Amino acid sequence: MGCFPSRLRRNLNNNDGDSFIDLDEEDTPLLNEISRTQQTGHIIPQRQVRDQELIEQEDTELETTLLKLEHARGWREKIQKVETQTELETYRLKIVGLLDSATMEMSRLTKENRHYDVEKVVNSITHLRNAIGDHFFEASGINAFGREVTDMESCVITGGQYFKPVMIQDDDDSIVKLYFFTVSDVDSTEVLFRYYLEHVSFLEDSFALGLVTPDGHTQVEIYGSMCPSYWTIRRDVISNVTRRLNRLEDSYAFDCLSDYDTPLPMR
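Residues numbered from 1 in each chain as written. Predicted model: local features only at pLDDT ≥ 70, side-chain atom pairs only at ≥ 80, totals over all residues. Heavy atoms only, no water.

## Quick notes on the overall build of the protein chain
In terms of helices and strands, the protein chain carries 6 helices and 10 strands. Buried residues in the protein chain amount to 32% of all 267 residues. Put simply, of all contacts in the protein chain between residues at least 6 apart along the chain, 44% involve residues at least 24 apart. Taken as a whole, the protein chain presents about 18,400 Å² of accessible surface, with 51% of it coming from carbon and sulfur. (Helix = DSSP H or I, 4+ residues; strand = E, 2+ residues; numbered from the N terminus. Buried < 20%, exposed > 50% of the residue type's maximum accessible area, 1.4 Å probe, protein only. Contact = heavy atoms within 4.5 Å. Areas by Shrake-Rupley, 256 points an atom, 1.4 Å probe, with all protein chains shown as cover.)

Okay, here's the thing in structure tokens:
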């Protein structure tokens, strides 16, 4: 019986007496797994309905973020009239809170590989800064914004973008930073690596991915004269981080094995 669809018999009373109708369970949709649209009569799986509702909710979150950033452009006149440090700090905290919220939204979108939507938020942040002006952001010490905070297996990667190129050395404007990535330990939050997209304009333009560690500075990727996209840099950062962490784990395992194999001193 297990190889064939089971059948139900439903007793229906009519004027002719008792009759039985066979119902095939495989052809009978379960009410808790489907929903029907009255307009078309089509059967829509409940899971599909939930997925669609989730997508609409997520799109609402994106739309809310964009609307908040757009609304904040209207603070321009009020910010320009700020006269006290207290007023400046009030608006600074508002902008920081807005940028932090946008970072969290971009983190979610990045996790879902919705790069196009991330760039919408980035463009809106850029428009906000242009609307309010350089003076406020420089006076508030806000020179960058986070694009994502992404959890990996053993570390957390925070990626961000500078509003304007930042000099690596105070007395040399021929080498500047455009993007940054901070890699931290997932448990201790200790910073393990810092990566920067570096632009060198000495003699000719060139872009490279720089790495800063306690041992010094090195360039791990050379991009040439064309500025790479954020997503290209991100891919290279994750690849480099993965290789370095694997080497650290292998080195740690080797050290542990060496300690285990070391003979105990004779007494």
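## Quick notes on helix H3 (residues 85–111)
Taking 1.5 Å of rise per residue, 27 residues should cover 39 Å, and H3 covers 38 Å from first to last C-alpha, within 8% of that figure. Immediately downstream of H3, the backbone of Asn-113 shows phi near 60 degrees, a positive value. (Expected span 1.5 Å × (residues − 1).)

## Comments concerning the nonpolar core
Core analysis: the largest hydrophobic core is formed by 45 residues, its most contacted members being Ile-95, Met-106, Val-121, Ile-125, Phe-136, Tyr-195 and Ile-233. The dominant element in this core, judged by the number of residues it contributes, is H3, at 8 residues. Not counting chain neighbours up to four residues away, the residues in contact with Ile-95 comprise Trp-75, Leu-128, Ile-132, Phe-136, Phe-137 and Ile-142. (Core = buried A, V, L, I, M, F, W, Y, C linked by side-chain atoms within 4.5 Å.)

## Considering helix H4 (residues 115–132)
Given 3.6 residues per helical turn, the α-helix brings residues three or four places apart onto the same face. For H4, spanning 18 residues, the distance from its first C-alpha to its last is 26 Å, which sits close to the expected 26 Å at 1.5 Å a residue. Every buried residue of H4 is accounted for by Asp-117, Val-118, Val-121, Val-122, Ser-124, Ile-125, Leu-128, Arg-129, Ala-131 and Ile-132. Positive phi appears at Gly-133, one or two residues downstream of H4, with a value of about 105 degrees.

## Digging into the packing of aromatic side chains
By the definition in use, this model includes 9 aromatic pairs. Within the aromatic cluster, the residues linked to one another by ring pairs are Phe-136, Phe-137, Phe-145 and Phe-163. One residue, Lys-94, lies across the ring of Trp-75, its end atom 5.5 Å from the ring centre. Lys-177 extends its terminal NZ or CZ atom over the ring of Tyr-196, reaching a point 4.4 Å from the ring centre. (Phe/Tyr/Trp six-rings, centres within 6.5 Å; stacked < 30°, edge-to-face > 60°. Lys NZ or Arg CZ within 6 Å of the ring centre and 35° of its normal.)

## A look at the environment of Pro-214
Within the fold, Pro-214 resides in the loop between strand S9 (206–213) and strand S10 (216–224). In this structure, the C-alpha to C-alpha distance between Pro-214 and Arg-194, residues 20 residues apart in sequence, is 9.9 Å.

## Describing the side chain of Gln-161
Its place among the elements puts Gln-161 in strand S6 (residues 155–169). Owing to a relative accessible area of 14%, Gln-161 belongs among the buried residues under this scheme. Not counting residues within four places of it along the chain, the set of residues in contact with Gln-161 comprises Val-122, Ala-144, Phe-145, Arg-147, Leu-178, Tyr-179 and Phe-180.

## Overview of the pattern of salt bridges
Oppositely charged side chains can pair when the atoms bearing their charge come close. By the definition in use, this model includes 14 salt bridges. Here Asp-117 makes a salt bridge to Lys-120, at a shortest N to O gap of 3.7 Å. One end of the pair is Asp-117 and the other is Lys-120, both in helix H4 and 3 residues apart, which spans about a single turn. A salt bridge links Glu-138 to Lys-164; the shortest N-O distance between them is 3.7 Å. Taken together, the residues Glu-138 in helix H5 (residues 134–140) and Lys-164 in strand S6 connect sequence positions 26 residues apart. (Salt bridge = Lys/Arg side-chain N within 4 Å of Asp/Glu carboxyl O.)

## So, the confidence of the model for the protein chain
Residues at a pLDDT of 70 or more form 72% of the protein chain, whose mean pLDDT is 80. The spread of mean pLDDT over the elements of the protein chain runs between strand S3 (residues 34–36), the lowest at 32, and H4, the highest at 97. Counting interchain partners and residues more than four positions distant, the pLDDT-below-50 stretch residues 1–42 has 47 contacts. (pLDDT = per-residue confidence, 0-100.)

## Some thoughts on the sheet that holds strand S7 (residues 172–185)
Hydrogen bonding along the main chain pairs the strands of a sheet, whether they run parallel or antiparallel. Taken in spatial order, the 6 strands make up an open sheet running S5-S6-S7-S8-S9-S10, and their pairing is antiparallel. Each of the sheet's edge strands pairs with one partner strand only, and the pair in question is strand S5 (144–151) and S10. Adjacent strand axes in the sheet meet at a mean angle of 20 degrees when their direction is disregarded. Of the pairings in the sheet, the one linking strand S8 (residues 191–200) to S9 comprises 7 bridges and is antiparallel in character. Residue Leu-197 lies in a different strand from S9, and its bridge partner there is Leu-209. Lying over the sheet, H4 contacts S5 and S6, oriented at roughly 155 degrees with respect to S5. (Pairing = 2+ DSSP bridges. Axes fitted to C-alpha atoms, helices over the stretch in contact; angles between N-to-C directions.)

## What to know about the packing of H3 against H4
A pair of packed helices is captured by two measures, namely the crossing angle of their axes and the spacing between those axes. Running from N to C, H3 and H4 cross one another at 165 degrees; their axes reach a closest spacing of 9 Å. Our classification of the angle between H3 and H4 gives roughly antiparallel. With respect to the hand of their crossing, H3 and H4 are arranged in left-handed fashion. Across the interface between the two elements, Ile-95, Leu-98, Leu-99, Ala-102, Met-106, Leu-109 and Thr-110 from H3 touch Asp-117, Val-118, Val-121, Val-122, Ile-125, Leu-128 and Ile-132 from H4. Classifying every residue of the contact of H3 with H4 gives 12 nonpolar, 1 polar and 1 charged. (Parallel < 35°, antiparallel > 145°, perpendicular 65-115°, else oblique. Left-handed = near helix turned anticlockwise from the far one by under 90°. Nonpolar A, V, L, I, M, F, W, Y, C, P; charged D, E, K, R; others polar.)

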